[in-house]
Amino acid sequence: MSRVTDPEVLAFIRRTEESYPGDSNQASAAENRRNYDAMCAVFHRPHPAGVTAADRTLGGVSCRIYERSDPVAGTVLFSHGGGFVVGGLDSHDDVCAEICAATGRRVVSVDYRLAPEHVHPAALDDVTAVWQALDGEGPRLACGDSAGGNLTAALCLRMRRLGSRMPDGAVLIYPGLGSDMTAPSFDLNAEAPLLRREDLMAYKGVHAPADSTDPEARPLLARDLTGLPPMLIVTADVDPLRDEGTMWNDALRDAGITSTLRNDAQLVHGHLRARHMSKRAADSFAAVCDWLAR
């Protein structure tokens, strides 16, 4: 049973369920993508005034680049969520535009290859290629939600392994980081609205083998996190993945990395789309933007 009682969050849940069938994650990838794109379109908001967007190719990968008319130096590389199976440049278009508006920084959204057609390390290879093709002054930051949070963490691990430029900071929003799914939140929130444990099981093994030991596919398997950048970890309290963010935050702190954990009560997985319906979600999104702006 859901532990959500906030009326605004409940309204968001209802609106999502009306536009995204509950069995979509068990459907074919093509059908799931159609359903997901239709649901995202329901929540899509016009770009804020002063923000322009243009589709370009960076490092051989399709991207959408957002810029504010009065820019602030720096770039945010954004990797979208969707279980590595759904999502793209349109699904998180307004989120990226609003990050650009709030921070003034250029935002580069990556249209990475999706599973099951393209398995690990395809998505990370695409994110890496775009990251290494970035130019411009100011800090370079990385941000992603859900599967994109995984890719953001994995990008940091890969840059350390390659000895290449590390993000100056990273934000992981309700990330899935490849645990063995035995943490308490997987039981407590097994039937959470919008993302159930059975949905996670449907995605398990699609992006990378379930028994993979590659930390760039399952960052929580990394034994050493020294040298990684400061991070903000945002989790939703009513989300089976909640404790993965907590575990990552704890591991970062144990390695001496500056890390901030924000767990949002009453919020559910995917609450970025609720930022115009729910004060709780709006506050969470504002905290992300404030951190990226700093």
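Computed from a prediction, not measured in an experiment: that's the story for all the values here.

A. How the structure looks around the overall build of the chain. Counting its secondary structure elements, the chain contains nine helices and eight strands. The C-alpha radius of gyration of the chain comes to 17 Å, within 12% of the 19 Å expected for a compact globule of 294 residues. For the chain, the residues scored as buried account for 57% of the 294 residues in total. As displayed, the chain has an accessible area near 11,700 Å², and 50% of this comes from carbon and sulfur atoms. In the chain, 30 side chains carry a positive charge and 40 a negative one; their mean positions are 3 Å apart.

B. Fine view of the side chain of Arg-106. Along the chain, Arg-106 turns up in strand β4 (residues 106-110). Within the local environment of Arg-106, its side chain forms a polar contact with the side chain of Thr-75, the two groups lying 2.8 Å apart. Excluding its chain neighbours within four sequence positions, the residues that come into contact with Arg-106 are Ile-65, Tyr-66, Glu-67, Val-72, Gly-74, Thr-75, Val-76, Leu-134 and Asp-135.

C. Molecular detail of helix α5 (residues 147-162). In a regular helix each residue adds 1.5 Å, so 16 residues correspond to 22 Å; α5 covers 22 Å between its end C-alpha atoms and thus fits that length. Most of α5 sits inside the fold, with 13 of its 16 residues counted as buried.

D. Representation of the pairing of strand β7 (residues 231-238) in the model. Taken across its eight residues, β7 has eight buried, putting it largely inside the fold. Note that β7 and strand β8 (residues 259-268) share seven bridges and pair parallel. If you follow Val-238 over to β8, its bridge partner there is Val-268. Handedness of the β-α-β unit built from β7, helix α8 (residues 242-254) and β8 comes out right-handed.

E. Broad picture of the nonpolar core. Ranked by size, the top nonpolar core spans 38 residues in total, and within it Met-231 and Trp-248 carry the most contacts. Elements that contribute at least two residues to this core include exactly β2 (61-68), β4, α4 (122-133), α5, β6 (169-173), β7 and α8. Among the elements that line this core, the one with the most residues is α5, at eight residues. Every residue in contact with Met-231, bar those within four places of it in the chain, is listed here: Cys-156, Ala-170, Leu-172, Trp-248, Leu-252, Thr-258, Ser-259, Thr-260 and Trp-291. By size, the runner-up hydrophobic cluster in this structure holds 23 residues, among which are Cys-96, Ala-97, Leu-232 and Cys-289.

F. Molecular detail of the packing of helix α1 (residues 7-19) against helix α2 (residues 29-43). Here α1 crosses α2 at 140 degrees, and the two axes come no closer than 9 Å. Of the possible angle classes, the one that applies to α1 and α2 is oblique. As for how α1 packs across α2, the hand of that crossing is right-handed. Taken together, the residues of α2 that come into contact with α1 (itself represented by Phe-12, Arg-15, Thr-16 and Ser-19) are Asn-35, Met-39, Val-42 and Phe-43.

G. Just the sheet that holds β8, in detail. Pairing in this open sheet of eight strands is mixed, and the strands run β1-β2-β4-β3-β5-β6-β7-β8 from one edge to the other. A strand with exactly one partner marks an edge of an open sheet, and here the two such strands are β1 (51-58) and β8. Here the strands of the sheet are splayed against their neighbours by 20 degrees on average, with no regard to which way each runs. Of the pairings in the sheet, the one linking strand β3 (residues 75-79) to β4 comprises five bridges and is parallel in character. Paired with Ser-79 across the two strands is Val-110, which belongs to β4.

H. Structural context of helix α3 (residues 93-103). Judged by how many residues are buried, α3 sits mostly within the fold: nine of 11 residues are covered. What α3 keeps buried is the set Asp-93, Asp-94, Val-95, Cys-96, Ala-97, Glu-98, Ile-99, Cys-100 and Thr-103. On its buried face, α3 sits against α2, β1, β2, β3, β4 and α9 (279-293). Backbone geometry just downstream of α3 places Gly-104 in the positive-phi region, at approximately 80 degrees.

Calculation criteria
Residues numbered from 1 in each chain as written. Predicted model: local features only at pLDDT ≥ 70, side-chain atom pairs only at ≥ 80, totals over all residues. Heavy atoms only, no water. Helix = DSSP H or I, 4+ residues; strand = E, 2+ residues; numbered from the N terminus. Rg over C-alpha atoms; globule rule 2.2 N^0.38 Å. Buried < 20%, exposed > 50% of the residue type's maximum accessible area, 1.4 Å probe, protein only. Areas by Shrake-Rupley, 256 points an atom, 1.4 Å probe, with all protein chains shown as cover. Lys, Arg positive; Asp, Glu negative; His and termini not counted. Charge placed at Lys NZ, Arg CZ, Asp CG, Glu CD. Polar contact = N/O pair within 3.5 Å; in protein donor to acceptor, adjacent residues only side chain to side chain. Contact = heavy atoms within 4.5 Å. Expected span 1.5 Å × (residues − 1). Pairing = 2+ DSSP bridges. Right-handed = clockwise from strand over helix to strand, strands pointing away. Core = buried A, V, L, I, M, F, W, Y, C linked by side-chain atoms within 4.5 Å. Axes fitted to C-alpha atoms, helices over the stretch in contact; angles between N-to-C directions. Parallel < 35°, antiparallel > 145°, perpendicular 65-115°, else oblique. Left-handed = near helix turned anticlockwise from the far one by under 90°.

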